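Residue-level structure breakdown
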Amino acid sequence: MLTINRCLELLHDRGDSEYGGEPVTQLEHALQCAMLAEGEHASPTLIAAALLHDVGHLLHGLPDDAPDQGIDDAHEELGCRFLRQLFGDAVVEPVRLHVPAKRYLSAKYPEYRAQLSGPSVVSLELQGGVMSNEEMDAFERLPHFEDAVRLRHWDDAAKIPELPTPPLEHYAQHLIQAASLAPPHHV
Ligand SMILES: [Fe+2]
């Protein structure tokens, strides 16, 4: 059974891998993302989503540079299914939607797409490219649309080398709160 400790262990034990061609590790990226969420007074569920949004990258055996080889690792779906064991929609839906949110923002704001990092542009194309107008309308109607967009902005910013952050243990409290505010459906 998945536990909060297991989530933290996974980040601790496997988070030293490179974050998809960016100048930070998976753990540094996760901690920066959670710090940005906390700094904007996000709810515990959204802080948990920020910390765990890329956990899917740690669950598959694909190489860090999979996108450069033309492979979409579908980490948002993998992470979402994994986290559903422990959390409800308020956590898992922003995780699942953080990739569509990039496709949405790229369609809505050309200046957003222009500032994406090189690896992010490569993965954008593998993930379906910019959204059509119909896809954007449907995306805006999703219940967790706004949280997914907020998470996406933190995700894009959380790539600063050597940036000091709170330690992983700091976020245990947010994960505990998030699991109690948004328990998994089967409970
Ligand atoms: Fe990310």
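In this report, the structure presented in the accompanying data block is examined. (Residues numbered from 1 in each chain as written. Predicted model: local features only at pLDDT ≥ 70, side-chain atom pairs only at ≥ 80, totals over all residues. Heavy atoms only, no water.)

Turning our eyes to something else, we now look at the overall build of the chain. Each helix and strand counted, the chain has ten helices and zero strands in total. The secondary structure elements of the chain, listed N-terminal to C-terminal, are α-α-α-α-α-α-α-α-α-α. Scaling as 2.2 N^0.38, a compact globule of 187 residues should have a C-alpha radius of gyration of about 16 Å, and the chain matches this with 15 Å. Expressed along its principal axes, the backbone C-alpha trace of the chain runs to roughly 40 × 35 × 30 Å. When burial is assessed residue by residue, the chain has 49% of its 187 residues classed as buried. For the chain, restricting intrachain contacts to residue pairs at least 6 apart in sequence, the fraction spanning at least 24 positions comes to 74%. For the chain, the accessible area works out to roughly 8,800 Å², and carbon and sulfur atoms hold 54% of it. The distance from the centre of the 13 positive side-chain charges to the centre of the 30 negative ones in the chain is 6 Å. (Helix = DSSP H or I, 4+ residues; strand = E, 2+ residues; numbered from the N terminus. Rg over C-alpha atoms; globule rule 2.2 N^0.38 Å. Buried < 20%, exposed > 50% of the residue type's maximum accessible area, 1.4 Å probe, protein only. Contact = heavy atoms within 4.5 Å. Areas by Shrake-Rupley, 256 points an atom, 1.4 Å probe, with all protein chains shown as cover. Lys, Arg positive; Asp, Glu negative; His and termini not counted. Charge placed at Lys NZ, Arg CZ, Asp CG, Glu CD.)

One pass over the structure, following the stated rule, counts three aromatic pairs. Here Tyr 104 and Phe 139 contribute two aromatic rings whose centre-to-centre distance is 5.2 Å and whose plane-to-plane angle is 40°, an arrangement assigned as tilted. With Tyr 104 in helix H5 (residues 89-108) and Phe 139 in helix H8 (residues 133-140), the pair connects residues that are 35 residues apart, well separated along the chain. Ring centres 5.6 Å apart and planes at 90° place the aromatic pair Phe 139 and Phe 145 in the edge-to-face group. When sorted by exposure, Phe 139 lands in the same class as Phe 145, which is buried. Aromatic rings pair up to connect Tyr 104, Phe 139 and Phe 145 into one cluster. (Phe/Tyr/Trp six-rings, centres within 6.5 Å; stacked < 30°, edge-to-face > 60°.)

Here we take up helix H9 (residues 145-157). Taking 1.5 Å as the rise per residue, H9 with 13 residues should run 18 Å; its terminal C-alpha atoms sit 19 Å apart, in good agreement. Within the span of H9, buried status applies to Phe 145, Ala 148, Val 149, Leu 151, Arg 152, Trp 154, Asp 155 and Asp 156. (Expected span 1.5 Å × (residues − 1).)

Further remarks concern a negative patch on the surface. A contiguous patch of negative charge on the surface is contributed by Glu 18, Asp 64, Asp 65 and Asp 68. Summarising the element assignment, Asp 65 is placed in the loop between helix H3 (44-52) and helix H4 (75-83). (Patch = residues over 30% accessible without salt bridge, like charges linked within 9 Å, V, L, I, M, F, W, Y side chains within 5 Å. Salt bridge = Lys/Arg side-chain N within 4 Å of Asp/Glu carboxyl O.)

Time to look at the packing of helix H1 (residues 4-14) against helix H10 (residues 172-181). At their nearest, the axes of H1 and H10 sit 10 Å apart, and the two run at 140° to each other. When the axes of H1 and H10 are compared, the pair comes out oblique. Note on packing geometry: the crossing formed by H1 with H10 is right-handed. Between H1, through Ile 4, Cys 7 and Leu 8, and H10, the contact on the second element is made entirely by Ala 172, Leu 175, Ile 176 and Ala 179. Across the contact of H1 with H10, the residue classes tally to seven nonpolar, no polar and no charged. (Axes fitted to C-alpha atoms, helices over the stretch in contact; angles between N-to-C directions. Parallel < 35°, antiparallel > 145°, perpendicular 65-115°, else oblique. Left-handed = near helix turned anticlockwise from the far one by under 90°. Nonpolar A, V, L, I, M, F, W, Y, C, P; charged D, E, K, R; others polar.)

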